[in-house]
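In case you want the letters, here they are:
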Protein chains: 4
Amino acid sequence: MIIILNSEISDSQLEDLINHVEKAGMQTHLSKGTFRTIVGLIGDESKVSGDQLRTFPGVEDVVPVLPPYKLASLEAHPQPSIVNVAGVAVGGSNLAMIAGPCSVETEERMHSIARSIKAAGANILRGGAYKPRTSPYSFQGLGPEGLEFLRDAGREVGLPTVTEITDVRNIDITAEHADVLQVGARNMQNFVLLRELGRIKRPILLKRGMSATIEDLLMSAEYVLSQGNPDVILCERGIKGFDTITRNVYDVAAVPAVKTLSHLPIIVDPSHATGKPDLIPQCAYAGIAAGPDAEHIEVHD
Amino acid sequence: MIIILNSEISDSQLEDLINHVEKAGMQTHLSKGTFRTIVGLIGDESKVSGDQLRTFPGVEDVVPVLPPYKLASLEAHPQPSIVNVAGVAVGGSNLAMIAGPCSVETEERMHSIARSIKAAGANILRGGAYKPRTSPYSFQGLGPEGLEFLRDAGREVGLPTVTEITDVRNIDITAEHADVLQVGARNMQNFVLLRELGRIKRPILLKRGMSATIEDLLMSAEYVLSQGNPDVILCERGIKGFDTITRNVYDVAAVPAVKTLSHLPIIVDPSHATGKPDLIPQCAYAGIAAGPDAEHIEVHD
Amino acid sequence: MIIILNSEISDSQLEDLINHVEKAGMQTHLSKGTFRTIVGLIGDESKVSGDQLRTFPGVEDVVPVLPPYKLASLEAHPQPSIVNVAGVAVGGSNLAMIAGPCSVETEERMHSIARSIKAAGANILRGGAYKPRTSPYSFQGLGPEGLEFLRDAGREVGLPTVTEITDVRNIDITAEHADVLQVGARNMQNFVLLRELGRIKRPILLKRGMSATIEDLLMSAEYVLSQGNPDVILCERGIKGFDTITRNVYDVAAVPAVKTLSHLPIIVDPSHATGKPDLIPQCAYAGIAAGPDAEHIEVHD
Amino acid sequence: MIIILNSEISDSQLEDLINHVEKAGMQTHLSKGTFRTIVGLIGDESKVSGDQLRTFPGVEDVVPVLPPYKLASLEAHPQPSIVNVAGVAVGGSNLAMIAGPCSVETEERMHSIARSIKAAGANILRGGAYKPRTSPYSFQGLGPEGLEFLRDAGREVGLPTVTEITDVRNIDITAEHADVLQVGARNMQNFVLLRELGRIKRPILLKRGMSATIEDLLMSAEYVLSQGNPDVILCERGIKGFDTITRNVYDVAAVPAVKTLSHLPIIVDPSHATGKPDLIPQCAYAGIAAGPDAEHIEVHD
């Protein structure tokens, strides 16, 4: 961590600052420039809070040097992680294809879609039983019955399944029925849910929040990893933008950006990113070309 | 709701569309312009889904005419709502002042801050016992002990209290200790939590998510209202922006904008919006001038 | 255009509104819903201003039905346009490759890069002689000498050239030396410049502004087209976002989105969009996969 | 400037980097942390380019320590600047009020509005003669005749005038008629225009671009200042956001933020920021409370 001092800091303010940092167990290293003095902190950065340092008088800015995530970083794990989804590898040199309907609607429909996507070459089946909907008046999913329809449809065609989890109280039942538990964009910073998901033995598909930076996404992954679950798959699904022509902005550069920082697999979801059926094919090709570990497509019959 | 057709829609496509809408119980009204035909839908808009109508061939756009929230709307409740926070009115012609530390840290500190803010004129005390932190390695709050310290400090100085709720499993204990339960920006679309909060008898302070539109915020309030809890206080606390000079963009126009749409009280939080101590005084004045029902300030000793 | 009235509009206010619209030469068509009345306008929408209609008492919203651009629209020109860049086709089923340095620096370097990119398969050479730099203290380009170096390097290897235009007073000299004149993102709404470029006989490469919607981009193209120059090539080069991990957000969905609205060719520029050398290869592949008419890459030796 | 090295930099790569920086005339100062080495640069930062340093192998990040603007900075000029607008002070402890119509439409109307705003207490009159409109088919302003009407209306009521400049070729005629020349948001990075405005003897009102950071705004001011014109007034008028409920996001925190960085006066413009007549009063109050040097309001008769 580097602390940039403003030119008006007094000697006693500087002394206070250095005492604070050294009491936290870090060494300091002063470097006087022509117009500014900077203080380099040497040691474990997690011992001090940048936000707190910024409130010291005479501090102009605080620049972190190390990323705040550890287990998710490439430094902790230089080789790409491969997540085993009931026999289907996500990560490494593989390209998985996840497909299925937005919601599980009926048993028959779920089986019919499962057969179609299997025939089309997909190797993981998705479907929502608990739906986070912006309106309380919209269909909120079939619940436990939906989980059964999804599991049975997956078994019939021999595909592992992924479904969304929105409530800590449903983790057990969901983990019994599905092979991957998905955390949606709106729950990406539901840290209570993330922590509990770190304690189960199921891979977690973590979708990027609409206003989440890549660092925010990796910090949310860190919540799961830090509790002992090593199997996190990240997902780019569009971020908030100013143009209403697409529902979100499909940030394909997130894929190579994550690859320079983390060993975790990352997948793309052009369906939710664009929200417009006629743009999805080209956006799906673009997503694949960016180099992800899987693509996630919503299909309807 | 208005459906705008593109110029190439066929007669049979138009017929399908009209059949679909009329089967849902709405009447239709065709209006042929020079270049486009539009279909006005008459009746209860909640019976059809705009997103689904957009997937019909020949449909160019779907424009909602009514807002998707009902109980939160001014039409449902033309007079401003006043939420009674253990004797302190939030809403109407009052201006409440909510203050307190980010986290409850020690019993002594909590009491000392409570006395200071009471002396300074605040009438509601805040403090966090469960903290949603971006890092799993950061202090996550004192939990139940923090709730007790907050309650006791409030009692000592005679101020009602507000604290954040992050976990459905903690609703009961939190409602026993605090007068208002706060939903943070990161949980604004945690619909599971919102629905449960709609079933308790405590006012809910609902903070706007960083990428939430005003409509999104009102829809989240609708979740609480629709379950029977009428006491929702909205909070503008900064939205995501591109300039790193402030932590978020403090959107003061949200205050009068909400007032044109909803009867619910709205408060401003310049502390979280800017994240920079030296900008908070001017931003606090600006927030008050925008016409909210309360201001929320974080204080440290 | 559709005018949505609020429920409290008085009869005389409605009459005023209808008089205003009809005096402007449009017919009106009233449709009373259960909660709202809407007024459809029939005729040439350009005769009234939506912004002005919104200021009438009793008007809740105004929804345009037709896009505000005409010459740029697919309706005016249903087939994709092909722009002839001194023998190289941009548009249709072709994929052009534009490459070259950010700035023209020396004659020797320009020739050396031109030979390299020609050998690598590019078919249009780029280089900046007038550079719009955020700092007045940065190198602002070689000016006329840079134009000569670029022209000569292009001639030597047999490639047409593209260079940026920033000043209406330099249009003549730039058009004498280069085959395509580029309008940068920061000048996308420099309407004075656009109008003048509509009067020359050179294709214009129009880069999307950092906060421009697709509609804004097409409206800027319309400025050029409306003055008689039919040869506009659009360019997606990244829009403003909240994550500092890339310089801008590379909006590849803009490519298929433009194709659904306009006949104009569109190209992608992953170099400016990401600003990070190690992300450019994957972003370049993603850009191509989105289906543009050319790709634009900055190269250095 | 601080260069953060990644852990894999080789000795020869580090040597190359240091040679490059020292050849540019700066001294270096190495600081080895536990996981990262950082290089502090001592001397004139303008001699090296951060963007270029980022392309060196082994460089992870480059952090500027000094702002890139000089003349606009508080360090160059610790006291607030006061701009004299034909006798009206903008800056210091004054609060000016700028009002007038969007466009100058007729001579009579201009005089009538001038009398009204004078009576209401405004002390600077605005009106547009050259209008930057997104549509080429919209009214583009009266041009020279509009300048005359504005000047005459200002003279009649004894108010100085401000009008927008969009074309370098109109600077002379505009400076002859108006007391302040305004650069609109869309031209904030029209550096050709800014440089020419730095050579005249008229104050410049520089509006913040819709995707401009505060640093971008100050850099654009620096263009004017660096050419010898010290009289720049900044203006916050709304930035691009994701919620369509207001035209832009009114960033009132920009006012105190600018005051911590620059001596230049800053004003607020709630009319363009919100674009909604019914939100302007509360937003105008909020703007004033943020502590600007003037407020700018559009008025219609």
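Residues numbered from 1 in each chain as written. Chains lettered and ligands numbered in written order. Predicted model: local features only at pLDDT ≥ 70, side-chain atom pairs only at ≥ 80, totals over all residues.

Undergrad: Explain the interface of chain A and chain D to me, please; I cannot follow it from the model alone.
TA: How large an interface is tends to be reported as the accessible area lost when its parts come together. With 19 residues of chain A at the contact, the number on the chain D side is 19 residues. Those elements giving two or more residues to the side of chain A that touches chain D turn out to be strand E1 (2-5), strand E2 (27-32) and strand E3 (37-42) of chain A. For the side of chain A that touches chain D, the element with the highest residue contribution is E3(A), accounting for 3 residues. For the side of chain A that touches chain D, the residue count by class is 9 nonpolar, 8 polar and 2 charged. (Contact = placed C-beta atoms within 7 Å. Helix = DSSP H or I, 4+ residues; strand = E, 2+ residues; numbered from the N terminus. Nonpolar A, V, L, I, M, F, W, Y, C, P; charged D, E, K, R; others polar.)

Undergrad: Please clarify how the sheet that holds strand E4 (residues 59-63) of chain B should be interpreted in this entry.
TA: Whether parallel or antiparallel, the strands of a sheet pair through hydrogen bonds between backbone atoms. Residue and element names in this part refer to chain B. A sheet is described by the order of its strands in space; here 4 strands give the open sequence E2-E3-E1-E4, paired in antiparallel fashion. For this open sheet the edge positions go to strand E2 (27-32) and E4, each flanked by a neighbour on one side alone. Sheet twist, expressed as the mean angle between neighbouring strand axes with direction ignored, is 20 degrees. Across 3 bridges, strand E1 (residues 2-5) lies against strand E3 (residues 37-42) in antiparallel orientation. Looking at E3, one finds that Ile4 is bridged to Ile38. (Pairing = 2+ DSSP bridges. Axes fitted to C-alpha atoms, helices over the stretch in contact; angles between N-to-C directions.)

Undergrad: How should I be thinking about the interface of chain C and chain A in this particular structure?
TA: Counting residues at the interface gives 29 residues for chain C, matched by 29 residues for chain A. When contributions to the side of chain C that touches chain A are tallied by element, the ones reaching two or more residues are helix H8 (254-259) and helix H10 (280-289) of chain C. It is H10(C) that contributes the most residues to the side of chain C that touches chain A, 6 residues altogether. Residue composition of the side of chain C that touches chain A, by class: 18 nonpolar, 8 polar and 3 charged.

Undergrad: Can you walk me through the environment of D:Gly143 in this structure?
TA: Residues and elements named next belong to chain D. Tracing the sequence through the fold places Gly143 in the loop between strand E8 (124-126) and helix H4 (144-157). A C-alpha to C-alpha distance of 28 Å links Gly143 and Ile239, two positions 96 residues apart in sequence. With sequence-adjacent residues up to four places away left out, Gly143 is seen in contact with Ala129 and Tyr130.

Undergrad: Which parts of the structure should I look at to understand the sheet that holds strand E10 (residues 180-183) of chain B?
TA: All names here are of chain B. Taken in spatial order, the 8 strands close into a barrel running E7-E8-E9-E10-E11-E12-E13-E14, and their pairing is parallel. Adjacent strand axes in the sheet meet at a mean angle of 25 degrees when their direction is disregarded. In the packing of helix H7 (residues 214-226) onto the sheet, the strands contacted are strand E11 (204-207) and strand E12 (232-236), and the crossing angle to E12 comes to about 160 degrees.

Undergrad: In this structure, what is going on with the relation of the copies chain A and chain D? I would like to understand it.
TA: In this arrangement, two copies of a chain are superimposed by a rotation about an axis accompanied by a shift along the axis. When chain A is brought onto chain D, the operation consists of a screw motion whose angular component is 180 degrees and whose axial shift is 0.0 Å, with 0.0 Å RMSD remaining. This pairing of chains is accounted for by a two-fold axis. For chain A, the residue whose C-alpha comes nearest the rotation axis is A:Phe242, separated from it by 2.1 Å. A symmetric contact is evident, with 100% of the interface residues of chain A recurring at the interface of chain D. (Least-squares fit on C-alpha atoms with pLDDT ≥ 70 in both.)

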